[in-house]
Amino acid sequence: MKNEINILIVDDTPSIHEDYKQILNPQLHKTNLYEFSDIFDIKPANTKIPDTPTYILDHAYQGEEAIELVKQSKANNKPYALAFIDVCMPPGLDGIETISKIWEIDKNIEIIICTAFSNYSWESIIDKLGITNNFMILKKPFDIIEVKQMTLSLTSKWQLSCENKEFINQIKKNQTELNKARLVAEENSKIKSDFISIISHELKTPLTAILGYTDLLISNAKDTNNLNQICQCDCNAIRRIDINAHKLNDLIKDILLISNIESGTINCNIAFFYPQQTIERIVDGFKNLIENKHLTIKNYIKNEDIYINSDRVKFETIVTNIISNAIKFTKNGSIDIECNIDEKFFYVSIRDTGIGIPKDKFNIIFENFRQVDQKLTRDYTGTGIGLAIAMRMAQLLGGGIKLESQEGVGSIFTLYLKRDLDNCHQTTKAYND
Ligand code: ADP
């Protein structure tokens, strides 16, 4: 694109306008520089004309006329980058008054104040125009080099400032669009959370009835034959209903839990407890499963006396989720549990010799409903919600979960929690912020 820049020349002497034309657009006016009027301090210049921008010059001979041209240029969206303004222009407005009125119309125009003698002191110019870097002073007789270079510098400055303004406007526009998108996303997320919460509650009511009646049937029956008779069918059927109804109940509980964590409606119950005792109890609960899978589990407890001030139930949920995954994703070998402390944190590392996790999945498995294998026909059951709950809860307790893993070798999930979570009434939202 051709680089065209609009410049306004304001001077009451017509011959000076001709000189500006020849200095600023030598491509259009191939003139002998010696023919300039005597206000220019002329030096011979036989050098090649460089490829400077093309200056489009407009001419005014009085201040009022200049003000009119600035109005028009602004209205036509062809603003002036620069104006050369003579100070003394009888009988009309003088240069300084003209500049002040021009800037009321377009405050971006760069100005070169041209003066033969000091009609105005610098202080009185500043007094009238304010402290600004938008003007320079050029003393007559002019030096051609000065005129050329000042023009180049000030028009470049004007262009840069236009680009900056455009850039800032674009950033502001992007910011507004981002804010709008964020509000829509927040609204959608709230609708999703409300929907999940309502559906889960609706599912929970009939499920509670199913669980209640199957439990009642099973506990009323004295033995298997009696159960067969009561149900008038194979008692295994009723046991399967019971097992699956419990699974469904667990899933709904998890979904409700994550929805509460996301909406920030979950608080901590902080009290002192011995985390290693809690771990022992959890491991005990997995005993049958571990034996059935012929795995070994080692719990390296160093110092049973360590106690922490945190939320025991949440701690139990996190560790249970990690150990249950370790068992699920390990075919042979062992699961090792180790605890550590430092000044601020309590650590539990759960190491397995299972299938391992590819590096590019390290982050996503902590997101809701995400699994390494997302296929419906995958080898392992699960909903992909356990680690999401575990991570959110760990964060809620002022900690997190670190993962190290190698495919085919195994994984280490290290939970770390603040040892002393005093007066914690924060919600997940508070932590995420
Ligand atoms: P789920 O186990 O119900 O699928 P989680 O959120 O607990 O959901 O785990 C998400 C995914 O992370 C799992 O589906 C699995 O792909 C991967 N994963 C978690 N723990 C392990 C582990 N110990 N070994 C291998 N993969 C694991």
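Above this text you will find the structure in question.
Residues numbered from 1 in each chain as written. Predicted model: local features only at pLDDT ≥ 70, side-chain atom pairs only at ≥ 80, totals over all residues. Heavy atoms only, no water.

1. What to know about the environment of Thr296
Of note, Thr296 is situated in strand E9 (residues 296–300). A sequence separation of 37 residues divides Thr296 from Gly333, and the C-alpha atoms of the two residues are 6.6 Å apart. (Helix = DSSP H or I, 4+ residues; strand = E, 2+ residues; numbered from the N terminus.)

2. A few points about the packing of aromatic side chains
Across all of its chains, the model carries 10 aromatic pairs by this definition. Seen in terms of ring centroids, Tyr20 and Phe84 are 4.7 Å apart; in terms of plane orientation they differ by 45 degrees. Their pairing is tilted. Taken together, the residues span a long stretch of sequence, with Tyr20 in helix H1 (residues 14–24) and Phe84 in strand E4 (residues 82–86) at a distance of 64 residues. In this structure Phe84 comes out as buried when scored by relative accessible area, which is 0%. Seen from their ring centres, Tyr20 and Phe142 are 6.3 Å apart, and the 45 degrees between their planes marks the pair as tilted. Of the two residues, Tyr20 is situated in helix H1 and Phe142 in strand E7 (residues 142–143); the sequence distance between them amounts to 122 residues. Looking at Phe142, the relative accessible area reads 0%, which means it is buried. (Phe/Tyr/Trp six-rings, centres within 6.5 Å; stacked < 30°, edge-to-face > 60°. Buried < 20%, exposed > 50% of the residue type's maximum accessible area, 1.4 Å probe, protein only.)

3. What to know about the sheet that holds strand E11 (residues 334–341)
On the basis of which strands lie adjacent, the open sheet formed by five strands has the order E9-E11-E12-E14-E13 and mixed pairing. Each of the sheet's edge strands pairs with one partner strand only, and the pair in question is E9 and strand E13 (400–406). Across this sheet, the average inter-strand angle for adjacent strands is 15 degrees, counted without regard to direction. Note that strand E12 (residues 345–352) and strand E14 (residues 410–418) share eight bridges and pair antiparallel. Its bridge partner lying in E14, Arg351 is registered against Ile412. Helix H10 (residues 312–328) contacts E9, E11, E12, E13 and E14 of the sheet and is inclined by roughly 15 degrees relative to E12. (Pairing = 2+ DSSP bridges. Axes fitted to C-alpha atoms, helices over the stretch in contact; angles between N-to-C directions. Contact = heavy atoms within 4.5 Å.)

4. Structural notes on the packing of helix H3 (residues 95–105) against helix H4 (residues 122–129)
The contact between H3 and H4 brings their axes to 10 Å, and the two run at 30 degrees. Comparing the axis directions of H3 and H4 gives the class roughly parallel. The way H3 lies across H4 gives a crossing that is right-handed. Seen from H3, the contacting residues are Ile96, Ile99, Ser100 and Trp103; seen from H4, they are Ile125, Lys128 and Leu129. Classifying every residue of the contact of H3 with H4 by side-chain character gives five nonpolar, one polar and one charged. (Parallel < 35°, antiparallel > 145°, perpendicular 65-115°, else oblique. Left-handed = near helix turned anticlockwise from the far one by under 90°. Nonpolar A, V, L, I, M, F, W, Y, C, P; charged D, E, K, R; others polar.)

5. So, the pairing of E4
Burial within E4 is extensive, with five of its five residues counted as buried. By the bridge criterion, five bridges tie E4 to strand E5 (residues 110–115) in an arrangement that is parallel. What sits directly across from Asp86, in E5, is Cys114. In the classification by handedness, the crossover that spans E4, the intervening H3 and the parallel E5 is right-handed. (Right-handed = clockwise from strand over helix to strand, strands pointing away.)

6. Describing the site of the ligand
Taken together, 20 residues are adjacent to the ligand, and Asn325, Lys328, Asp352, Gln371 and Leu387 come closest. Within the side chain of Asp352, one N or O atom sits 2.9 Å away from a nitrogen atom of the ligand. Note that an oxygen atom of the ligand is positioned 2.8 Å from one of the backbone N or O atoms of Leu387. Protein contact buries 95% of the 530 Å² of open area that the ligand shows by itself. Secondary structure elements with two or more residues in the shell around the ligand: H10, helix H11 (386–396) and E14. With three residues, H10 is the largest single contributor of residues to the shell around the ligand. (Near = heavy atom within 4 Å. Polar contact = N/O pair within 3.5 Å; in protein donor to acceptor, adjacent residues only side chain to side chain. Areas by Shrake-Rupley, 256 points an atom, 1.4 Å probe, with all protein chains shown as cover.)

7. Observations regarding unusual backbone geometry
Residue Pro91 is bonded to the preceding Pro90 through a cis peptide linkage, with omega at 10 degrees. Mapping Pro91 onto the fold places it in the loop between E4 and H3. The omega angle of the peptide bond from Lys140 to Pro141 is -5 degrees, so this bond is cis rather than trans. Residue placement: Pro141 occurs in the loop between strand E6 (135–139) and E7. One non-glycine residue, His294, lies in positive phi territory at about 55 degrees. Within the element layout of this structure, His294 appears in the loop between helix H9 (287–292) and E9. Classification of His294 as exposed rests on a relative accessible area of 71%. The backbone of Phe369 sits at a positive phi, close to 55 degrees, despite the residue not being glycine. Tracing the chain through its elements places Phe369 in the loop between E12 and H11.

8. Quick word on the pattern of salt bridges
Evaluation of the coordinates by the stated rule reveals 15 salt bridges. The partner of Lys140 in a salt bridge is Asp86, with the nearest N and O atoms 3.2 Å apart. Pair noted here: Lys140 is in the loop between E6 and E7 and Asp86 is in strand E4, with a separation of 54 residues, a long-range link. The shortest N-O distance in the salt bridge between Glu186 and Arg182 comes to 3.1 Å. Of this pair, Glu186 and Arg182 both sit in helix H5 (residues 144–220), four residues apart, roughly one helical turn. Judged by relative accessible area, which is 44%, Arg182 ranks as partly exposed. (Salt bridge = Lys/Arg side-chain N within 4 Å of Asp/Glu carboxyl O.)

9. A closer look at the environment of Tyr55
Within the secondary structure, Tyr55 is located in strand E3 (residues 54–60). You can call Tyr55 buried: its relative accessible area is 4%. Measuring from C-alpha to C-alpha, the distance between Tyr55 and Asn25 comes to 6.5 Å, with 30 residues separating the pair along the chain. The residues touching Tyr55, leaving out its near neighbours within four places in the chain, are Ile5, Ile7, Leu24, Asn25, Thr151, Leu152 and Thr155.

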